[in-house]
Amino acid sequence: MEPAEQLNELVSAEGRNRKAVLCQRCGSRVLQPGTALFSRRQLFLPSMRKKPALADGSNPDGDLLQEHWLVDDMFIFENVGFTKDVGNIKFLVCADCEIGPIGWHCLDDKNSFYVALERVSHE
């Protein structure tokens with residue numbers, strides 16, 4: 001996703017986000033600095049679109065993404081919404097403009113919420 005220099009600007013020595021995480025579309029704050037851990041995990045996210053189109057269960061186009069912010073408690077988020085269940089997955093969307101998915105949550109693991117670095121901006 002990002003060259004090593006840019007990744008170093010985003011990830012602290014402790015592996016946490018140095019900057020606030022924002023919605024790319026509307027600029028709404030998703031996470032405060034220092035609240036998420038950097039994680040590499042290969043996850044499929046459908047192409048970005050409005051929330052109703054994500055929950056229809058069709059086989060969407062999308063991306064296999066590997067770099068994420070990992071949050072272990074849904075109440076850490078400043079601003080995030082969830083789609084209806086798609087199998088055992090809920091996709092994370094911006095709660096203000098409903099664009100997404102910006103992230104992924106498996107219902108089998110109550111303490112893992114992934115936000116893709118490529119789907120958000122940082123400030």
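Position numbers for residues count from 1 along each chain, tracking the sequence in the order it is written. Predicted model: local features are reported for residues with pLDDT of at least 70 only, side-chain atom pairs are reported and counted for 80 or more only, and whole-chain, interface and lining totals are derived from all residues. For the side-chain quantities, the full set of heavy atoms in the structure was used; hydrogens and water were omitted.

The name an unreviewed UniProt entry assigns to the chain is Guanine nucleotide exchange factor MSS4, from the organism Loxodonta africana. UniProt positions are given in the numbering used here, feature names are shortened, and annotations may be inferred rather than shown by experiment. UniProt annotates the chain under Function (unreviewed entry) with the comment "Guanine-nucleotide-releasing protein that acts on members of the SEC4/YPT1/RAB subfamily. Stimulates GDP release from both YPT1, RAB3A and RAB10, but is less active on these proteins than on the SEC4 protein. Might play a general role in vesicular transport."

**Q** Can you explain the packing of aromatic side chains? Please cite residues and give values.
**A** When we look at a pair of aromatic rings, we describe it by the centre distance and by the angle of the planes. Two rings from Phe, Tyr or Trp (for Trp, the six-membered ring) form a pair when their centres are within 6.5 Å of each other. A pair whose planes differ by under 30 degrees is stacked, one over 60 is edge-to-face, and the rest are tilted. Taken as a whole and assessed by the stated rule, the structure comprises 4 aromatic pairs. Their ring planes at 85° and their centres at 6.1 Å tell us that F77 and F113 sit as a pair that is edge-to-face. In this pair, F77 is assigned in the loop between β5 (62–71) and β6 (81–82) and F113 in strand β10 (residues 113–116), connecting sequence segments 36 residues apart. For the pair F77 and F113, one class covers both residues: buried. Relative to F113, the ring of F82 lies with its centre 6.1 Å away and its plane at 65°, an arrangement referred to as edge-to-face. One end of the pair, F82, is in strand β6; the other, F113, is in strand β10, with 31 residues separating them in the sequence. Burial classification: accessible surface area is computed with a 1.4 Å probe over protein chains only, and a residue below 20% of its type maximum counts as buried, one above 50% as exposed, and the rest as partly exposed. Residue F82 is classed as partly exposed on the basis of its relative accessible area of 21%. Labels follow the DSSP assignment, with helices taken as runs of H or I lasting at least four residues and strands as runs of E lasting at least two, numbered in each case from the N terminus.

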